[in-house]
Amino acid sequence: IVISNTYFSFEESIIYGGRDGADYFLIAQNFLNVPTDVLGHHKAWRFIIPSLIGFLGKFFNLDVYLIFRAFVFIFCITIILIFLEILKSLKFNTFQIYFLSSFIIFNPYLFRFFIALPTMINDLIFICATLFLILGFIKNKKIFFYLGILLSVFTRQNSIFLLLSI
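In this text, all values refer to a predicted model and were calculated from it rather than measured experimentally. (Residues numbered from 1 in each chain as written. Predicted model: local features only at pLDDT ≥ 70, side-chain atom pairs only at ≥ 80, totals over all residues. Heavy atoms only, no water.)

### A closer look at the environment of serine 101
- Among the structural elements, serine 101 can be located in helix α6 (residues 94-105).
- Each C-alpha atom, one on serine 101 and one on isoleucine 80, is 7.5 Å from the other, the two residues being 21 residues apart in sequence.
- If we ignore the near neighbours within four places in the chain, the residues touching serine 101 are Phe83, Leu84 and Leu87.
- In this structure the side chain of serine 101 is engaged in a polar contact, spanning 2.7 Å, whose partner is the backbone oxygen of isoleucine 97. (Helix = DSSP H or I, 4+ residues; strand = E, 2+ residues; numbered from the N terminus. Contact = heavy atoms within 4.5 Å. Polar contact = N/O pair within 3.5 Å; in protein donor to acceptor, adjacent residues only side chain to side chain.)

The structure is reproduced here in structure tokens:
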């Protein structure tokens, strides 16, 4: 997937489905002085991760878009590892784990999408957060549960519905 995927530039990512990412990129670029008047109200609430990326870009003097891409790879790997841990905890056999993991890894609307459009990082982290919640329930470990809640609150307003449903 890493070799065969399309890697859009920031401008191309806006054209090919990452319009929301333009707002996250704007937050990251201006993390100390975010122009909230040009952001949609619901986008302004999702400032934590893009602000962190903007801070890292300024601190290490790196391209913000490159940091978005690095975060995508980190969270893609994290999702795979959590998913594998969930399947092992549910006592799936090796073939089932391989088969079900293939559905996640090769799903064109998951990793390929986020690799091509890295500014959509909030959505990827929200997926990771829900997997942490599931792992916390399965293993009965509060640390995974709280990490899932924390990540979901940082990334999307939908976390309110997660909290209500729990």
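### Let's talk about the nonpolar core
- By size, the foremost hydrophobic cluster in this structure holds 38 residues, and its most contacted members are Ile53, Phe68, Val72, Phe75, Ile82, Ile121 and Leu124.
- Elements with a minimum of two residues in this core: α2 (19-29), α4 (48-60), α5 (64-89), α7 (111-116) and α8 (121-139).
- At 13 residues, the largest contribution of residues to this core is made by α5. (Core = buried A, V, L, I, M, F, W, Y, C linked by side-chain atoms within 4.5 Å. Buried < 20%, exposed > 50% of the residue type's maximum accessible area, 1.4 Å probe, protein only.)

### Section: the pattern of salt bridges
- Enumeration according to the criterion identifies 1 salt bridge in this entry.
- Between lysine 139 and glutamate 85 there is a salt bridge whose closest N-O contact spans 3.0 Å. Of the two residues, lysine 139 is situated in helix α8 and glutamate 85 in helix α5; the sequence distance between them amounts to 54 residues.
- In this structure lysine 139 comes out as partly exposed when scored by relative accessible area, which is 32%.
- Of the residues examined, glutamate 85 reaches a relative accessible area of 29% and is grouped as partly exposed. (Salt bridge = Lys/Arg side-chain N within 4 Å of Asp/Glu carboxyl O.)

### Remarks on the environment of leucine 150
- For leucine 150, the location among the structural elements is in helix α9 (residues 142-155).
- For leucine 150 and phenylalanine 126, which are 24 residues apart along the polypeptide, the C-alpha to C-alpha distance reads 10.0 Å.

### Brief notes about the packing of α5 against α6
- Between α5 and α6, the shortest axis-to-axis distance is 10 Å and the interhelical angle comes to 150 degrees. What the angle tells us is that α5 and α6 run roughly antiparallel. In the packing of α5 onto α6, the handedness of the crossing is right-handed. In this structure, α5 uses Ile80, Phe83, Leu84, Leu87 and Lys88 to contact α6, whose residues at the interface are Ile97, Leu100, Ser101, Ile104 and Ile105.
- Across the contact of α5 with α6, the residue classes tally to 8 nonpolar, 1 polar and 1 charged. (Axes fitted to C-alpha atoms, helices over the stretch in contact; angles between N-to-C directions. Parallel < 35°, antiparallel > 145°, perpendicular 65-115°, else oblique. Left-handed = near helix turned anticlockwise from the far one by under 90°. Nonpolar A, V, L, I, M, F, W, Y, C, P; charged D, E, K, R; others polar.)

### Overview of a nonpolar patch on the surface
- Together, Leu52, Phe55, Phe59, Phe60, Leu62 and Leu66 line one region of the surface with nonpolar side chains, adding up to about 610 Å² of accessible area.
- For the nonpolar patch, the leading source of residues is α4, giving 4 residues.
- Structurally, phenylalanine 59 can be placed in helix α4.
- Residue classification places phenylalanine 59 among the exposed positions, given a relative accessible area of 55%. (Patch = residues over 30% accessible without salt bridge, like charges linked within 9 Å, V, L, I, M, F, W, Y side chains within 5 Å. Areas by Shrake-Rupley, 256 points an atom, 1.4 Å probe, with all protein chains shown as cover.)

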